[in-house]
Amino acid sequence: MCGRFFVANVGSELVGVLRVDAAAEDLPEPSYNIAPTASVAIVLDSAKTDPPTRRLEPARWGLVPSWAKDPKIGARAFNARSEELEDKSMFRRALHKRRAVIPATGYYEWKATDSGKVPHFIHPAAGSPMFFAGLYEWWKNPAVPDDDPDRWLLSFTILTRDSIGRLGSIHDRMPLFMDPDHADAWLDPSTENVRDVLDAAIDAAPAIAETLEDHVVSKAVGNVRNNGPELIEPVEE
């Protein structure tokens, strides 16, 4: 699973890597301790233009489907198992029309040990951005007037798959890492062979996982009120 992550920069470095056409003005600030329900910058292709416009937009972490009566449902939908998407009504429609890429600098995972759960920071070796495959939805708040800009909530979930190798020794699930080369087909809302694109991403993820590094960090990361560079510093296990 992926329940906490770190974003150092969501600006210019992504424009070149993912060929973003436009970025919202109200993007979230960098954060060392992003938790579910927080606002995060995601990449999506807007189908309102032809061809679609690739945008960097702020979104709430935790998918809220369009049919939800209350956005609180998103608090338990921050991850989605990639192998079960077509079996879940919460994710099925988004899989076929509303796919996203979530940029990150690294993420945290907790390893179960005899003495308790130990947090690890997992990140690319060179400090370059990493990308998670995700889904997004728009939810319309019926209690807010039509002309209120807050009437529409953009939310997302991060896809996961079985862990492999060293990451598997930390936790049995890991984010579905997205190779930028697969991003175009994944983001394009007109892609018809979505299952093939998803399977290709699942197959490519282990190679990305093998390039990542990890180290033990302070248990302070478990408190969402803590947010600073000390959270990613190595500590004795």
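Residues numbered from 1 in each chain as written. Predicted model: local features only at pLDDT ≥ 70, side-chain atom pairs only at ≥ 80, totals over all residues. Heavy atoms only, no water.

Under an unreviewed UniProt entry, the name given to the protein chain is Abasic site processing protein, and the source organism is Microbacterium wangchenii. Its UniProt record, at the heading Sequence similarities (unreviewed entry), says of the protein chain: "Belongs to the SOS response-associated peptidase family." (UniProt positions renumbered as here; feature names shortened; annotations may be inferred.)

Peer 1: I would appreciate a short explanation of unusual backbone geometry in the present structure.
Peer 2: With glycine set apart, most residues show a phi of negative sign, and most peptide bonds adopt trans. Following Asp 50, the chain continues into Pro 51 via a peptide bond in cis, with omega recorded as 5 degrees. Position of Pro 51 among the secondary structure elements: in the loop between strand 4 (39–46) and strand 5 (53–61). Phi is positive for Arg 19, which is not a glycine, with a value near 55 degrees. Along the chain, the position of Arg 19 falls in the loop between helix 1 (12–18) and strand 2 (22–23). One non-glycine residue, Thr 37, lies in the positive phi region at around 85 degrees. (Helix = DSSP H or I, 4+ residues; strand = E, 2+ residues; numbered from the N terminus.)

Peer 1: What should I look at first to understand the packing of aromatic side chains in this one?
Peer 2: One pass over the full model with this rule turns up 10 aromatic pairs. Between Tyr 107 and Phe 132, the ring centres sit 6.0 Å apart and the planes meet at 85 degrees, which makes this aromatic pair edge-to-face. Within this pair, whereas Tyr 107 is found in strand 8 (residues 106–113), its partner Phe 132 is found in strand 10 (residues 130–140), the two being separated by 25 residues in sequence. Both residues of the pair, Tyr 107 and Phe 132, count as buried. When the ring of Phe 132 is compared with that of Phe 177, the centres are 6.2 Å apart and the planes differ by 45 degrees; the resulting orientation is tilted. Within this pair, whereas Phe 132 is found in strand 10, its partner Phe 177 is found in the loop between strand 12 (173–175) and helix 4 (180–187), the two being separated by 45 residues in sequence. Three or more aromatic residues link up through ring pairs in this structure, and these residues are Phe 5, Trp 61, Phe 78, Tyr 107, Phe 132, Phe 156 and Phe 177. Taking the ring centre of Trp 186 as reference, the NZ or CZ of Arg 99 above it sits at 5.8 Å. (Phe/Tyr/Trp six-rings, centres within 6.5 Å; stacked < 30°, edge-to-face > 60°. Buried < 20%, exposed > 50% of the residue type's maximum accessible area, 1.4 Å probe, protein only. Lys NZ or Arg CZ within 6 Å of the ring centre and 35° of its normal.)

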